[in-house]
Amino acid sequence: MLTSSAGRRLLHVAARLTRGGRRLRLRISATRPWRNELAAAFHRLAALPRPTG
């Protein structure tokens, strides 16, 4: 359950999901003050090992 303000930001992000070169990209507006924190969180999630099985 997401209860933190970061969790609420993640659920209510104003962004575009784009596709190119077989990759999905989340385009976040440069005017958002928490843009870097959200991008860092997505990078940490992407670095997690993929589940097996």
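All values derive from a computational prediction rather than experimental measurement.

K.L.:
Would you mind going over unusual backbone geometry in detail, with residue names and values included?
P.N.:
Of note, Arg-22 is a non-glycine position whose phi angle comes to about 65°, a positive value. Mapped onto the elements of the fold, Arg-22 is located in the loop between strand S1 (15-20) and strand S2 (23-28).

K.L.:
Tell me about the confidence of the model for the protein chain, and name the residues and values.
P.N.:
Per-residue pLDDT for the protein chain averages 77, and the proportion of residues at 70 or more is 75%. Confidence, expressed as mean pLDDT per element, reaches its minimum in the protein chain at helix H1 (residues 5-11) with 61 and its maximum at helix H2 (residues 35-47) with 84.

K.L.:
So, a positive patch on the surface: which residues are in play, and what are the values?
P.N.:
Among the surface-exposed residues, Arg-16, Arg-23, Arg-25, Arg-27 and Arg-35 lie close enough to one another that they form a single positively charged patch. Looking at which element gives the most residues to the positive patch, the answer is S2, with 3 residues. Here Arg-25 lies in strand S2. Residue classification places Arg-25 among the partly exposed residues on the basis of a relative accessible area of 34%.

K.L.:
Can you break down a nonpolar patch on the surface residue by residue, with the values?
P.N.:
Among the surface-exposed residues, Leu-17, Leu-24, Leu-26, Phe-42, Leu-45 and Leu-48 lie close enough to one another that they form a single nonpolar patch of about 600 Å² accessible area. For the nonpolar patch, the elements supplying multiple residues, two or more each, are S2 and H2. Inspection of the secondary structure assignment puts Leu-45 in helix H2. With relative accessibility at 54%, the residue Leu-45 sits in the exposed group.

K.L.:
So, the environment of Ile-28: which residues are in play, and what are the values?
P.N.:
Within the secondary structure layout, Ile-28 lies in strand S2. Taking relative accessible area as the criterion, Ile-28 reaches 11% and is therefore assigned buried. Between the alpha carbons of Ile-28 and Ala-15 there is a distance of 4.5 Å; along the sequence they are 13 residues apart.

What counts and how
- Residues numbered from 1 in each chain as written.
- Predicted model: local features only at pLDDT ≥ 70, side-chain atom pairs only at ≥ 80, totals over all residues.
- Heavy atoms only, no water.
- Helix = DSSP H or I, 4+ residues; strand = E, 2+ residues; numbered from the N terminus.
- pLDDT = per-residue confidence, 0-100.
- Patch = residues over 30% accessible without salt bridge, like charges linked within 9 Å, V, L, I, M, F, W, Y side chains within 5 Å.
- Areas by Shrake-Rupley, 256 points an atom, 1.4 Å probe, with all protein chains shown as cover.
- Salt bridge = Lys/Arg side-chain N within 4 Å of Asp/Glu carboxyl O.
- Lys, Arg positive; Asp, Glu negative; His and termini not counted.
- Charge placed at Lys NZ, Arg CZ, Asp CG, Glu CD.
- Buried < 20%, exposed > 50% of the residue type's maximum accessible area, 1.4 Å probe, protein only.

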